[in-house]
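Residue-level structure breakdown
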Amino acid sequence: MALVNMRDMLQHAYQHGYAVGAFDLVSLEFLEGIMDAAERCHAPVILSLAESHFEYFDFELIMPAVEAAALRASVPVAIHLDHGESFESALRGIHLGCNGIMVDSSQHTLAENIHMTRAVVNMAHACGVPVEGELGYVPGVEGEDAERHPGEIAYTTVAEAHDYVTQTAVDFLAVSIGTVHGRMLGEPELDFERLQQINASLGIPLVIHGGTGLNDDQFRQLIASGVSKINYYTALADRAGIHIRDNASSHQQNGYTSLTKGVKAAISAEVERCIRLWGSADRAAALMTQCAPWSAVDHLIIYNVNNISEHEVDAIMAEGRRVLSSIPGVREVITGRAVKQDAKYRYTWLVRFCHPAVIDSYRDHPSHVAFADQYFRPVAGDRISIDYARVLHSTYI
Ligand code: 13P
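Residues numbered from 1 in each chain as written. Predicted model: local features only at pLDDT ≥ 70, side-chain atom pairs only at ≥ 80, totals over all residues. Heavy atoms only, no water.

**Brief notes about the side chain of H368**
Its location among the elements puts H368 in helix α15 (residues 366–376). On the accessibility criterion, H368 (14% relative accessible area) is buried. (Helix = DSSP H or I, 4+ residues; strand = E, 2+ residues; numbered from the N terminus. Buried < 20%, exposed > 50% of the residue type's maximum accessible area, 1.4 Å probe, protein only.)

**A few points about the sheet that holds strand β11 (residues 347–353)**
Pairing is antiparallel in the open sheet, where four strands are placed in the order β10-β11-β9-β12. Edge positions in the sheet fall to β10 (330–337) and β12 (380–389), since each has one partner strand and no second. Averaged over neighbouring strand pairs, the angle between their axes works out to 15 degrees when direction is ignored. The sheet contact formed by strand β9 (residues 297–305) and β11 spans seven bridges and is antiparallel. The residue bridging I302 from the neighbouring strand is T348, located in β11. (Pairing = 2+ DSSP bridges. Axes fitted to C-alpha atoms, helices over the stretch in contact; angles between N-to-C directions.)

**Description of unusual backbone geometry**
Of note, H42 is a non-glycine position whose phi angle comes to about 50 degrees, a positive value. Take H42: it is sitting in the loop between α2 (28–41) and β2 (45–50). A positive phi angle is found at N307, which is not glycine, with a value near 55 degrees. Within the secondary structure, N307 is located in the loop between β9 and α13 (310–324). Using a relative accessible area of 80% as the deciding quantity, one classes N307 as exposed.

**Notes on the pairing of strand β3 (residues 77–84)**
Judged by how many residues are buried, β3 sits mostly within the fold: eight of eight residues are covered. A crossover connection joins β2 to the parallel β3 through helix α3 (residues 59–72); in handedness this β-α-β unit is right-handed. Sheet topology places β3 next to strand β4 (residues 100–103); three bridges connect them, and they run parallel. In the sheet register, H80 faces β4, and the bridge partner there is G100. As a crossover connection, the stretch from β3 through helix α4 (residues 87–96) into β4 is right-handed. (Right-handed = clockwise from strand over helix to strand, strands pointing away.)

**Some thoughts on the environment of Y155**
Tracing the backbone shows Y155 in the loop between β5 (131–135) and α6 (158–168). Taking relative accessible area as the criterion, Y155 reaches 36% and is therefore assigned partly exposed. Separated by 21 residues in the primary sequence, Y155 and S176 have C-alpha atoms spaced 5.0 Å apart. In this structure Y155 touches G136, S176, I177, G178, E189, D191 and R194, once residues within four positions along its chain are discounted. (Contact = heavy atoms within 4.5 Å.)

**Considering the packing of α4 against helix α5 (residues 110–125)**
Packing of α4 against α5 leaves a shortest axis separation of 10 Å and a crossing angle of 20 degrees. It follows from the interaxial angle that α4 and α5 lie roughly parallel. In the crossing of α4 with α5, the sense of the turn from one axis to the other is right-handed. Along its contact with α4, which presents F87, A90, L91 and I94, the element α5 presents A119, V120, M123 and A124. Here the contact of α4 with α5 is built from residues that sort into eight nonpolar, no polar and no charged. (Parallel < 35°, antiparallel > 145°, perpendicular 65-115°, else oblique. Left-handed = near helix turned anticlockwise from the far one by under 90°. Nonpolar A, V, L, I, M, F, W, Y, C, P; charged D, E, K, R; others polar.)

What follows is the structure, given as structure tokens:
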């Protein structure tokens, strides 16, 4: 199991002068291609899901595959919501398994950006999840031509970056120093001096969006100036597109699987090139020794009830599933009834938390307190309640 804490992952990259690739994925071909490259290179990697891409896949359906890929990997992996558009998006991302969140309020005024980002940081940190903020404006849309989304680059200033990070407590900052999302118009000119000043002022891992189109030397300079996470998508989509067009032109009658044959390998080759260029190859083993594993907690209650019918028990369970599953950091609420009538404890709640931090924030959350006081405690009889940390590899052998 190699799902790890993204804060630890990027701190390691920051301290050791390399950058972890955050590759946006839109299908299983992308997921498998990215993971194959990370495994080949023994590299940490970030699986990134951008809200602007949700029209191309069902976020809820793809997340179990993304999580399974991370859990079975031998290299350290984090799962990131890219360009989360709202507080609700961040909440949903954590609920579905993201362990890093980007909140993108960069199109708003500085005061609004700080206000919105702070709310997400408070919620996410109570779930143990680190947050990336963005200051300044990186125009364009991943995967599309820059001229279709011209926008003006708004450069991040050192003073604003300092205020923003102090007031929001974000863990990582995406900066605008000349990159754009998607295919560039001409050669990008990057303001390295500005980047170095921001880095000297903040001392936290910096993030570059719009990695496509930068040259090798630019990447090296970015990393030398504190960039520890590079977001990359359009070049992967373009590689896939070239491959599909080649497949289409080589045979007249091509079905889906013939058209997409080799796409995974094409994506993987480009990811591998990036990983090696950005210095994250062969970092997995050292990083693993300094990274907390990302381990879920199961909050288990077994209980009996006093003087209510089975029908009433079902109604309380339904209300609990509805209310408790919307508390930040709760992945799932499972309710159950003992198979045997004479079981010592007849009912169970199993509430799955994304991280141990949720034990406290869940207990004190107003929705939990209200549900427990109004519905559960008045009827609950004997009960046992225990929080179990997930054991995914043996610690005691
Ligand atoms: P590119 O698509 O330009 O590589 O940018 C990706 C990105 O910044 C995702 O957030």
